[in-house]
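What the coordinates show
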Number of protein chains: 8
Amino acid sequence: GFARLDLQRVERTGDPEVVFGRGKTPSQVVAALRALHEAHPEGAVLATRLDDDAVALVRAELPDADLDEVGRTAVLGKPRPPHGRVAVVGAGTADLPVVRECVTTVSVFGAEPDMVLDVGVAGLHRLLAQRDRIDSADAVVAVAGMEAALPSVIGGLTGAPLIAVPTSIGYGWHLDGLTAWLATLNSCAPGVLTVNVDNGFGAGVAAARIARRSR
Amino acid sequence: GFARLDLQRVERTGDPEVVFGRGKTPSQVVAALRALHEAHPEGAVLATRLDDDAVALVRAELPDADLDEVGRTAVLGKPRPPHGRVAVVGAGTADLPVVRECVTTVSVFGAEPDMVLDVGVAGLHRLLAQRDRIDSADAVVAVAGMEAALPSVIGGLTGAPLIAVPTSIGYGWHLDGLTAWLATLNSCAPGVLTVNVDNGFGAGVAAARIARRSR
Amino acid sequence: GFARLDLQRVERTGDPEVVFGRGKTPSQVVAALRALHEAHPEGAVLATRLDDDAVALVRAELPDADLDEVGRTAVLGKPRPPHGRVAVVGAGTADLPVVRECVTTVSVFGAEPDMVLDVGVAGLHRLLAQRDRIDSADAVVAVAGMEAALPSVIGGLTGAPLIAVPTSIGYGWHLDGLTAWLATLNSCAPGVLTVNVDNGFGAGVAAARIARRSR
Amino acid sequence: GFARLDLQRVERTGDPEVVFGRGKTPSQVVAALRALHEAHPEGAVLATRLDDDAVALVRAELPDADLDEVGRTAVLGKPRPPHGRVAVVGAGTADLPVVRECVTTVSVFGAEPDMVLDVGVAGLHRLLAQRDRIDSADAVVAVAGMEAALPSVIGGLTGAPLIAVPTSIGYGWHLDGLTAWLATLNSCAPGVLTVNVDNGFGAGVAAARIARRSR
Amino acid sequence: GFARLDLQRVERTGDPEVVFGRGKTPSQVVAALRALHEAHPEGAVLATRLDDDAVALVRAELPDADLDEVGRTAVLGKPRPPHGRVAVVGAGTADLPVVRECVTTVSVFGAEPDMVLDVGVAGLHRLLAQRDRIDSADAVVAVAGMEAALPSVIGGLTGAPLIAVPTSIGYGWHLDGLTAWLATLNSCAPGVLTVNVDNGFGAGVAAARIARRSR
Amino acid sequence: GFARLDLQRVERTGDPEVVFGRGKTPSQVVAALRALHEAHPEGAVLATRLDDDAVALVRAELPDADLDEVGRTAVLGKPRPPHGRVAVVGAGTADLPVVRECVTTVSVFGAEPDMVLDVGVAGLHRLLAQRDRIDSADAVVAVAGMEAALPSVIGGLTGAPLIAVPTSIGYGWHLDGLTAWLATLNSCAPGVLTVNVDNGFGAGVAAARIARRSR
Amino acid sequence: GFARLDLQRVERTGDPEVVFGRGKTPSQVVAALRALHEAHPEGAVLATRLDDDAVALVRAELPDADLDEVGRTAVLGKPRPPHGRVAVVGAGTADLPVVRECVTTVSVFGAEPDMVLDVGVAGLHRLLAQRDRIDSADAVVAVAGMEAALPSVIGGLTGAPLIAVPTSIGYGWHLDGLTAWLATLNSCAPGVLTVNVDNGFGAGVAAARIARRSR
Amino acid sequence: GFARLDLQRVERTGDPEVVFGRGKTPSQVVAALRALHEAHPEGAVLATRLDDDAVALVRAELPDADLDEVGRTAVLGKPRPPHGRVAVVGAGTADLPVVRECVTTVSVFGAEPDMVLDVGVAGLHRLLAQRDRIDSADAVVAVAGMEAALPSVIGGLTGAPLIAVPTSIGYGWHLDGLTAWLATLNSCAPGVLTVNVDNGFGAGVAAARIARRSR
Ligand SMILES: Nc1ncnc2c1ncn2[C@@H]1O[C@H](COP(=O)(O)O)[C@@H](O)[C@H]1O
Ligand SMILES: Nc1ncnc2c1ncn2[C@@H]1O[C@H](COP(=O)(O)O)[C@@H](O)[C@H]1O
Ligand SMILES: Nc1ncnc2c1ncn2[C@@H]1O[C@H](COP(=O)(O)O)[C@@H](O)[C@H]1O
Ligand SMILES: Nc1ncnc2c1ncn2[C@@H]1O[C@H](COP(=O)(O)O)[C@@H](O)[C@H]1O
Ligand SMILES: [Mg+2]
Ligand SMILES: [Mg+2]
Ligand SMILES: [Mg+2]
Ligand SMILES: [Mg+2]
Ligand SMILES: [Mg+2]
Ligand SMILES: [Mg+2]
Ligand SMILES: [Mg+2]
Ligand SMILES: [Mg+2]
């Protein structure tokens, strides 16, 4: 086969391997999803970063798969019952694909996602109106591009575990998200965690693991 | 002499030349201040970025000079009567030297400075309490380090001309202020202007020129 | 809807929200322009960074819109009567799209734009011939790529509020405009303000706000 | 006063403000610690990044404070009873100051720290010997400099929430920790979270918040 | 001709020149391979970085050539009998093209390649199972992208000469392989050598030269 | 000896080796100057980048040496009669050390230096007044820091061979001269040549070689 | 018209303006060439960086133009009789387009180009064989990519004025020519001048100006 | 103890652990050297990067240690009999400390070092005179700063395994050795290996391992 799947990962870490779609042919994606589903029939398995061709082939060959064309994900099998809630908060409309990748990942990794959209800091009232919903979550993911001020503002409003996802969204010279990335790593709010630019998947894995262990 | 002062600058731009203290000996600073004051006796002249030795010599030789040891400035002569008000807003206590350099510059360049301190976004209530004072100014300068979220939040609260000053303040790897700089240039609030890192002087010049022309 | 428009922005900042065309489908652009125009019938609303498809659909569906195919903008509604004049000065012919985006923005945000073209410093006589027109403006925007020497030269000729727009124009290795950007932030003329690379829109918002408050 | 303490932070986030020692005079550190302790007598308050002078003055003026000269921290008051355990794992001996800053923070923020030292990947047997202790923790912090391979290896061995702290430790050209930072953000293990270079404090805050909410 | 081949290189360095396919037309590649083969009929000559068109023309015009469409190489002539063994170890499936370019180069340059695939550190058991095969080689090449932890782990397991090849494989912001490159240059294992990103060819040349001189 | 002087350089290139003072002890500088002077008694030999200790020892041990404490150079022996004139133009007073290093080098390498100071572009009249002197030179060196606009403006005024020396002078974040360097390499005036930041020596060597070959 | 040609440039600098083809439509290129030719009928005018469409239209509409499809240039009119010789030395075959752009420019700007190809330092004998031809030139241009060692080696062999052109040619991660650029600016040979990456035009202008003034 | 020595490393890799002096107190260095010597009495153990205080204490407490104050190393015990020869070639006098660190390391790791100094490419005859000595070595280390042309020139003269050590030596802006580093990684000679900037130790380990396995 084209790859050696790590089928023991679920024993070591509690979660099966995931299919990373970029750089794989559509039939490789389908084959990997199928193999993982067979190895882990009791839960859901996930494929991310699917291009249009991969989405089309998954739809044709795996009709039971749950496809998200905005978040570019496919899920095969039924996610385990969730424990804990993750607020996934997006600053602007352009951050939606990253938010959706995160939401799906949270669900596959065993927690309940709660999506809060378009609450960027240039219109603070929108964020303040959602404050309680965010503060009561078991983990918070804050997705933001440009100058990525949102995680800092949220970090001042809640003590829930908080993961920032910088995105590569910007109007001009932003170095493909470096600006947002540097911002999240230099947040003036204590305890803000971060992942790589646009990595909704990584944030979702971590947030779900935090939430599903919460009391 | 060690330098050729540009004594016609006031005709071309409305303001006399300024003494940049870094890289000058204390006696050069004193000589330059004196020469500028003689050429422009009707108003105030300014020296910036003074080290301890320069401050000491200015105190000894120019007893009429107004010294600010935090902002590292000296002013000789009486500023012209101010027109217009500039709100100079600082995010944290560590930004104070930059705020003070800006405040003094605003005053020398002909506007009234209004200092608002320690209103960083990790405790939003502090900023919201000062909103009217900021919104009613003729120009606003927002001084902030780390991820520099403050200018974006202010830019969503007012349509007054707004200048961000990124500062080189940070807790870890922030590239000597590049993080804050990139943030201000990528603000999600429209029309945020910026100057170089820690450049309270440049922001003060621009803000005063805007305020003193306002109706 | 695909986005939550910030219809209260005009109360907070004096200007309505703007449609940023990049990353939106043509029909999203048209829908957003229409919604903003309905919410703000008394003045003009703006869309920027339109691609060819968006221009075509705006032309077909919003025949009253004012389209600029060089500056990639559309304006719906009649701009309020201007107050104050903004000189928008461009260094080279390749800077024209950024100049035009700025000019349109100035007009929508309530000031009168005055366009001065092709006055780069490699042929100084061209700039010196326009000196009075620039010096008498209420605000100046200087658009320049490559080494971006123009803002510094203008900053030595006038004390009007001055905003530099670095552009991503260059002959060789210029880091997508970083060269010009660093140059404007390190100008030897005091008080030069800057915005992000190619951000004629941001400069136009700020310049109009300065000019329309001027006496 | 020199600073406006955010005494309501404990209500908003569950934890009091912390004194960041860098850039403060020893007497400012002492005054801030004292004020925070008075406002929060029921628990512990923390000061970080103390230089030698600050340590000396804290020792003289606040004899009850708990000082760590390696981690550069001071704690005043008794930490609340811990809930949950955080494994703080260090790759090399040079990472010790960051490990200690993290350990103290974990304790002040309400969880039990469990320190595992000198288990860098160039001698894998040392890490494998500690595997169960790490896997059974409620949160894991992995502190590593140079190429920062440790978090990836740990991420393959456990599904516990995992925070990487890149450190500025290296033998040659490592860009003050950028190398380690980039490594942690590009970990091949899913769900690795990160903080800024050398930010043991930030990792400790986040890890404690995760652990103290765990079941 | 379009190029001046360095036909004396074999006398100076022991190996003939190699055809670098990028930037050459298919017929230039064929002509160069033919000319080198005629000048060095006793051994094998190599072309690297062939695009699809070059592969097609080589197949048509040089039917004796040995083509590798994954590694993008062509070999004409019979490699000399190998001396010494080079373990070429790949971290993930996406690193395969670089591994294959290296394997072919090792063979053309006179050593025996031994390919070990998909042994990334997120599943350590896979690498530990291959330890003896790696440790007994005369030289080791470790190919890895993302955070490139593999060379460090191998460097702790063997004292064989070890060359790391960072690859441009990554999930998010990794600066086209800079992350992996910095990692290999900062390895905590002593004596790790490196080549440029994705440069399987360079590593293969060096490893073969080491192995073929070994006792 | 501590170094192997290249005494045949004068035959190959027309000029003797030069003593680069940085990183040498004062007695090494004196010994090298003396050895070069003995090998080349007919002309002048040069030492650059001397620190205070080296200047003192040269003064004590080589009383015939010509010392420049601003440019940090020493010259031993009489420069050959000059051919051709080099205009060395400095933008600001802080560029003086670089200007002086260049002027001395021009003289030692066989041309006549003509120093023009403090003609930065923020006060254009000063430069325009020196135009003929610059245009009639056989080579021009333009020394400028900050945004380094001067070489472009000069390049529009003359067709004489033109070398830009970016300097590490700036008010804020300028990346130790990278800003000026990028500016000179992206000049909008055709044919601007450049050397490394602060390298007055390199520009002087090249300019003298151009001028002394001119008709 | 689309641009304001600087027809007085020939009086100020001795050479007419040049048409930079990038970013211009084919008909704009043709129009500009024609206009410059009419204004300067006595000599040659030049267009650079022509794409395939521009080449085709120039061929159709300006049959007298001299076209170089490798160097991407067009020349209209007869170059003035040359004075002085410029050796244009290329390291590898991939540097040919830059060499050819330089050669044509030298000719249009009034000197005689002398092309020396494929003499990279990995086969030194080739360069040493051309030493006299290079040393006797009035100016030397050294074009090299990758690590750009060629200019340093040439700079040790001759005292002729020497301009390095770093090129964007490389095998792996070379940052679009930054590697070569940094190398030329840090040459260990004194007096090496440089231009931007791939800027054969700029080097040709400068070299011709040096050569045509030589005795 | 302050550190956990990896006493099994000699079994895994054939060589004992090494004391890295930077960041250790003098008494820690002495203690570590002593402990390693006791664990490995049959051979030599090494400490690198010793500051003046560490050198003094080693001299006082370990009189049998072999100290090199230029290379900043100490050796305790007698190196095993060497097998194979490593040519350690230095470009300039300023590279000497790195050359010496490498030479000592080669000896401790079991091969015979052969030092060739001051053969930079600006005076090629010096290098060509040493060609046979370099070509006949079992491994070659080429140490060079500035533009680091030396490894490429050597790589064209020999097929011996070749390791480049870029150094942080330069005259101006060279980014602390990044220039040399990029150069070595982009060498036009095939098979050049590299280590981190100034890492004479790493190159010495690798070169000795190559040489001692050679026939
Ligand atoms: N969107 C994503 N971003 C980052 N990592 C991912 C993503 N999707 C999957 N992965 C990781 O990629 C691994 C599979 O990689 P591969 O073997 O190349 O398919 C999974 O086990 C995950 O750790
Ligand atoms: N050309 C432009 N450059 C930068 N910002 C813009 C531009 N055009 C619009 N904007 C901003 O983008 C906002 C709308 O963003 P969005 O919600 O994504 O449509 C507007 O309110 C403006 O602040
Ligand atoms: N200020 C300077 N900047 C750059 N290169 C210099 C300078 N001064 C001397 N050099 C060069 O350094 C060489 C001597 O280097 P060294 O052998 O280290 O003394 C001279 O031959 C010059 O090529
Ligand atoms: N290949 C080139 N590289 C850099 N600059 C060039 C090149 N060709 C032309 N130029 C410059 O570009 C100017 C014309 O620019 P434009 O007005 O945009 O056509 C000329 O006068 C030259 O100074
Ligand atoms: Mg929105
Ligand atoms: Mg505060
Ligand atoms: Mg033009
Ligand atoms: Mg250790
Ligand atoms: Mg895999
Ligand atoms: Mg001056
Ligand atoms: Mg060739
Ligand atoms: Mg030397």
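Everything in this summary refers to the structure shown in the same document. Note that the structure is predicted; figures quoted are calculated from it, not measured.

**Looking at the relation of the copies chain E and chain H**
Under the fitted operation, chain E is carried onto chain H by 0.0 Å of movement along the axis and a turn of 180°, and the coordinates agree to an RMSD of 0.0 Å. A rotation of that kind, with that shift, is consistent with a two-fold axis. Most of the interface of chain E is mirrored in chain H: 100% of its interface residues are interface residues there too.

**A closer look at the relation of the copies chain A and chain D**
Taken together, a rotation about one axis and a shift along it account for how the two chain copies relate. Rotating chain A by 180° and translating it 0.0 Å along the rotation axis places it on chain D, where the RMSD comes to 0.0 Å. Residue by residue, 100% of the interface of chain A is reproduced at the interface of chain D, so both copies engage with the same surface.

**Overview of the environment of Gly120 of chain A**
All names here are of chain A. Its location among the elements puts Gly120 in the loop between β6 (112–116) and α5 (125–128). Distance in space between the C-alpha atoms of Gly120 and Ala91 is 4.1 Å, their sequence separation being 29 residues. Those residues in contact with Gly120 that lie beyond four places of it in its chain are Ala91 and Arg126.

**Overview of the interface of chain A and chain D**
Opposite the 37 residues of chain A that make contact, chain D presents 37 residues. Around 3,100 Å² of area is buried between chain A and chain D when both sides are counted, 56% of it from carbon and sulfur atoms. For the chain A face of the interface with chain D, the top three residues by lost area are Leu185, Arg213 and Arg215 of chain A, together amounting to 21%. Counting the contacts that link chain A with chain D gives zero salt bridges. Between the two partners, chain A and chain D, sit eleven residue pairs in polar contact (both at pLDDT 80 or more).

**Overview of the interface of chain E and chain H**
At the interface, 37 residues of chain E touch 37 residues of chain H. Buried area between chain E and chain H, summed over both chains or domains, comes out near 3,000 Å², and the portion from carbon and sulfur atoms is 56%. Linking chain E to chain H there are zero salt bridges. At the boundary of chain E and chain H, one finds eleven residue pairs in polar contact (both at pLDDT 80 or more). In terms of residue count, helix α9 (residues 200–212) of chain E provides more of the side of chain E that touches chain H than any other element does, seven residues in total. Considering only residue class, the side of chain E that touches chain H consists of 16 nonpolar, twelve polar and nine charged.

**Some thoughts on unusual backbone geometry**
Leave glycine aside and you will find that most residues have negative phi; peptide bonds, for their part, are mostly trans. For Asp198 of chain C, which is not glycine, the phi dihedral falls at a positive 65°. If you trace the backbone, Asp198 of chain C turns up in the loop between β9 (193–194) and α9 (200–212).

**Some remarks on the site of ligand 2**
Neighbouring ligand 2 are the residues Tyr171 of chain A, Pro190 of chain B together with Arg9, Glu17, Val18, Phe20, Lys24, Thr48, Arg49, Glu101, Asn199 and Phe201 of chain C. One chain alone does not account for the residues near ligand 2; they come from chains A, B and C. A distance of 2.8 Å is found between an oxygen atom of ligand 2 and a side-chain nitrogen or oxygen belonging to Arg9 of chain C. One of the side-chain nitrogen or oxygen atoms of Lys24 of chain C is found 2.5 Å away from an oxygen atom of ligand 2. For ligand 2, whose unbound accessible area comes to 510 Å², protein coverage reaches 88%. For the shell around ligand 2, the residue count by class is five nonpolar, two polar and five charged. If you count residues domain by domain, the shell around ligand 2 takes at least three from each of domain 1 (9–76) and domain 2 (85–212) of chain C.

**Comments concerning the pairing of strand β7 (residues 139–144) of chain H**
Residue and element names in this part refer to chain H. Counting buried positions along β7 gives six out of six residues, so the element sits mostly inside the fold. The two faces of β7 match: Ala139, Val141 and Val143 on one face and Val140, Ala142 and Ala144 on the other face are all buried. Pairing analysis gives five bridges linking strand β5 (residues 85–90) to β7, with the strands arranged parallel. Within β7, the position partnered with Val89 by the bridge is Ala142. Relative to strand β8 (residues 162–166), β7 runs parallel, the two sharing five bridges. Looking at the pairing, Val143 lines up with Val165 of β8.

**Some remarks on the arrangement of the chains**
Nowhere do chain E and chain F come into contact; their C-alpha atoms are at least 20 Å apart. For the non-touching pair chain A and chain H, the nearest C-alpha separation works out to 20 Å.

**Examining the packing of aromatic side chains**
Per the stated rule, a full pass over the model turns up twelve aromatic pairs over all chains. Relative to Trp181 of chain D, the ring of Trp181 of chain A has its centre 5.6 Å away and its plane inclined at 25°; by these criteria the two rings are stacked. Highlighted residues: Trp181 of chain A in helix α8 (residues 178–185) and Trp181 of chain D in helix α8 (residues 178–185), drawn from two different chains. Ring centres 6.3 Å apart and planes at 75° place the aromatic pair Phe109 of chain E and Phe201 of chain E in the edge-to-face group. Within this pair, whereas Phe109 of chain E is found in the loop between α4 (96–108) and β6 (112–116), its partner Phe201 of chain E is found in helix α9, the two being separated by 92 residues in sequence.

Basis of the calculations
Residues numbered from 1 in each chain as written. Chains lettered and ligands numbered in written order. Predicted model: local features only at pLDDT ≥ 70, side-chain atom pairs only at ≥ 80, totals over all residues. Heavy atoms only, no water. Least-squares fit on C-alpha atoms with pLDDT ≥ 70 in both. Contact = heavy atoms within 4.5 Å. Helix = DSSP H or I, 4+ residues; strand = E, 2+ residues; numbered from the N terminus. Buried area = accessible area lost by both parts, 1.4 Å probe. Salt bridge = Lys/Arg side-chain N within 4 Å of Asp/Glu carboxyl O. Polar contact = N/O pair within 3.5 Å; in protein donor to acceptor, adjacent residues only side chain to side chain. Nonpolar A, V, L, I, M, F, W, Y, C, P; charged D, E, K, R; others polar. Near = heavy atom within 4 Å. Areas by Shrake-Rupley, 256 points an atom, 1.4 Å probe, with all protein chains shown as cover. Domains from an automatic or database assignment. Buried < 20%, exposed > 50% of the residue type's maximum accessible area, 1.4 Å probe, protein only. Pairing = 2+ DSSP bridges. Phe/Tyr/Trp six-rings, centres within 6.5 Å; stacked < 30°, edge-to-face > 60°.

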